[in-house]
Structure formats: C-alpha cells, structure tokens
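# Summary of structural features
Residue strings, one per chain:
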Amino acid sequence: MRAYFLPRQKLWLASAALGLGITLSLGACSPKTVSSTTSATPTTTQPTTTSPTTAAYQVAVDYYTLENGLRVILSPDKTTPIVTTAAYYNIGFRNEPKDRTGFAHLFEHMMFQGSQNLGKMEFIQLIQKNGGVLNGSTRFDFTNYFEIVPANKLETILWAEADRMRGLNITQDNLKNQQEVVKNEVKVNVLNQPYGGFPWLDMPQYANKNWFNAHNFYGDLKDLDAANLEDVKSFFKTFYSPNNAALVVTGDFEPEQAKTWIKQYFGNIPSSQLPPKVDLTEPRQEKEQRFSKDDKLATKPALAFAYHMPDRNTPEYYAMGLLDQILLQGHDSRLYQALVQERGYSDAVTGGINSGLGNMFNYNGPMLWDGSLVHDNTVTADSIIMVLDREIKKLETRGIDQALLDLAIVKMRSSFYDQINELYGFGKADMLASFALFDNNPARINTLEAEFRKVTPELMQKTLREYLRPTNRTILTINPLAKS
C-alpha cells in the first residue's frame, strides 16, 4: 500500500505497508481524542493501573468477548460526529502457509470482491457514498480493515463488516483478477522502483533465519500464480473467523446501542478450529552479517543497518524504544546530526522499530530496529558504519544521564500521542486491536507511558550493550547499476 492518498499517515499506513489503498476524503475534520474513561462493562475489561507516574490522559476502553470468540473493544469519544470501525484478523504475512509467499496479502484483496449480500466492490461504494474512507493492509502479524464514516452510519458499517466475515464470494474469476492486481502491485512498488523494497522488504529476509520471519512477504510471482480456489476458501474458513479477530469501534456512538448491533450482526457467525501457532523464534545472533544487493534502477548507493530487538514488553524493549528516540528519531537525533548535519553524507537517515510496516506497538514476534540512508557515491559503507559505531560507543562510554533520558521520554510521549490521534482516531483503534489480539488487554494503551518512565539510565546502558553490539546487526548495501 502506498501513502500518496493519505498524506497525514506516517506510521499506520506507511509507504511500505501492503494493502489495497482505497479511500475518499472525509472532510476537514481534525478530531482530538477526549481524555474521558468509561466504566468498563462485562466480561474481560482490564482495570487501568494507576500510579504517580501514570499519565492523566486516559483512552476509554470497554472490552468484552462474544460467545463465538470475537473480541470487541469500544472506545467512545464525542469530540466529532464520526465513528471508526476496525476489524483485525490475527493472520499476517509472516505466519502465512509455507510455499505460499504473499498469500496473506493476496487474500486481503479478496475481501473486497463481494460477500453474501454485497456484490463486487459494493462494500467500497457503500462507504464512499456515505462520505467515508476505508482501507485494508497486511502487516507482520495481522490483516486489518477499517472504515471511518459519519456517526449515524455505524449500524450500516457493522452490518457490512459482519456480512463479509460471515462469507465471501470466492470465485475463480475474482481470484484470477486479484492475482493479477497483486502481481502488478509488486511490480509497481518493488520490481520496477529504484530502491524498491529497500530496506523494509529486504532487511527481514537478510537479518532473520526463521522462514516465517525471512521470506518474501509481498510474494514471489510464481507463488502468487500458484494460489488456487481451494487454498483461498480454506484460508478464509480458518483465519477469517470471529475467534481469530478483534473488532474496534471508536468515536461518537452510544456503547449500549453499539453492543446490541454487534451482537445482532456478529454474534451468530460460527467460530473455527484454529491451527497451532507457528514458531517465530529467532536464534541469538553472534556474528555481524553483511550483504550487498544490485539495483539496476538506483543511481546512488544506499546502506541499511538492523539490530535484533529485545523481546516485546520486557524492560529492555521499553529502553530500546527510548534509545531509538535518542539515536534515530528527529533532527536532533545523534545519527541525523552525525551523518547529515556534520558530515553531509546524505540528506536524511530514517528508520525505527518495525519501520516501514508499523510501529513498536503493533507487532507480535521478533523485530528489528533499523535505519537506512541513500548516500553520495564518494562515501564508503565503512565510513557510515564507523559513524554509527562511534555514536553508539559515545552513549556506552559517556553514559546516559537523567537529562538525556528525560528528553527521550518527552519525544516518545509526543510520538505516542501523535500516533493515537492519527487519521481521525484510527491510530487509537490500531493500538486497541493490537493489544487485544496479542495481549488480550487493550487497556495497555493507558499504561505504556508509565512503562517508559520506569526505564533508568542503568537499564539503558545494559540494553545498549546487549542489543546494539556489532555482532547483533546486519548491514545491507545497495549497489547502484543505473547510469545517472
């Protein structure tokens, strides 16, 4: 999916994410999330942890589960008269079937080809004719679909989303058509683009060893051609079931009315027998890896570096989030200052945690912290790596004092709340769905800031020494073959 149609999106539908890319303008709304919290109803609502360091800002979280296993998160917000619905399925491209590269993404497209009561493309028209926007995307660990519509259209959208969860119009013609669409998307976004797939698609394939983390997520063209009708039907029946999904509603709505509609439209959709979870673990990396890739369309060399992240939700994970702020995020970051401002090696250095395909909160498995830059032909890869090592070494030898840690927390808070407010509240829905699917606790959204505040300078040093060591990294360089 490309972000050209949604200029405000910088994380959730980042330029590298795979997706359909269908939207319309909603209008000039620019909502802010309210800081009220509703009382949690039924079953599995998670209490919010309170402490002196917990932020006053609280996202409303009403969490419960239907009898068929569908996880539902309601987050009312009366700021503007719109609602966002988001259906997340716990199937992404790194747990798609072996030898079926790109299958999860291909199936994402099939969800717009018609359902029991809506013909081909009528789902899209339904949203657009009601003044809404919609999209879908495939990420490491989930495939999502969301709609943002005027508040009075909530029931219509819930009915339509339930209709395609209940059953799709899976035909050979639809499959063939979408195979060609996806193959063309691969050609446009990767094969016929300079730096296509660099580093977001390339780096996981070089840095990881486990096939599930290291295959071509977009899909080899031969694998996309090999998908057959039975594959698609089986995939839908297995993974697009309510017990493998989370449904989020945010915005201007009445919770009790929403619960009635959700039970009415989703409550009798049958659950499925889910297969065992795939093993995503990666071996500990003990030696630096270096790779080079020819690019016949590139005119300048490029370099990317990647380090394996600490396990998700550990103290080191939060420390790594703050190290990312210090080293790579913003024009005050150490690497931007050293590579761009001081030496002029490039005009930008970008990256982060789960960069290109999400953010540090919406994945559930091994992950990389990476950075990349396109640089002048006169600059060697070794000189860039020397600067990278020097900046990391400075933090290790000089230490990270409380003032620097406080600055990193300020930057993290700014980024975090910016994400929550992305795209009329869709950023909030993305976090709530991810935490429901991966942790069974969407209320985590209200405890994240406190977790970052627990990080100490000592923990930062420990994390830096263990995870930013050269033997834990992969270097990928682009060898440009095009004539300028």
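Quick notes on the rules
- Residues numbered from 1 in each chain as written.
- Predicted model: local features only at pLDDT ≥ 70, side-chain atom pairs only at ≥ 80, totals over all residues.
- Heavy atoms only, no water.
- Axes fitted to C-alpha atoms, helices over the stretch in contact; angles between N-to-C directions.
- Helix = DSSP H or I, 4+ residues; strand = E, 2+ residues; numbered from the N terminus.
- Left-handed = near helix turned anticlockwise from the far one by under 90°.
- Contact = heavy atoms within 4.5 Å.
- Nonpolar A, V, L, I, M, F, W, Y, C, P; charged D, E, K, R; others polar.
- Pairing = 2+ DSSP bridges.
- pLDDT = per-residue confidence, 0-100.
- Buried < 20%, exposed > 50% of the residue type's maximum accessible area, 1.4 Å probe, protein only.

Looking now at the packing of helix α11 (residues 334–342) against helix α12 (residues 381–398). Across the interface, α11 lies against α12 with an axial gap of 10 Å and an inter-helix angle of 145°. The handedness of the crossing between α11 and α12 is right-handed. Facing α11, whose interface residues are R334, L335, A338 and L339, α12 presents I384, V387, L388, E391 and L395. Its residues assigned to classes, the contact of α11 with α12 shows seven nonpolar, no polar and two charged.

Another point: the sheet that holds strand β9 (residues 302–308). Paired through their backbone hydrogen bonds, the strands of a sheet run either parallel or antiparallel. With mixed pairing, the five strands of this open sheet are ordered in space as β8-β12-β9-β11-β10. On the outer flanks of this sheet lie β8 (289–295) and β10 (350–353), each paired with one strand and no other. Ignoring strand direction, the axes of neighbouring strands in this sheet form an average angle of 10°. Bridge count between β9 and strand β12 (residues 473–480): six bridges; the pairing is antiparallel. Within β12, the position partnered with A306 by the bridge is T474.

Residue-level pLDDT values for the chain average 88, and 88% of them are 70 or greater. Across residues 1–17 the pLDDT falls below 50, and counting only partners more than four positions away or on other chains, this stretch makes 59 contacts in the model. Under a pLDDT of 50 for its full length, residues 19–52 has, in the predicted model, 97 contacts with residues more than four places off or in other chains.

Attention shifts here to the environment of G196. Tracing the sequence through the fold places G196 in the loop between α4 (172–191) and α5 (202–207). Since its relative accessible area comes to 8%, G196 is described here as buried. As for G196 and D295, which are separated by 99 residues in sequence, their C-alpha atoms are 8.7 Å apart.

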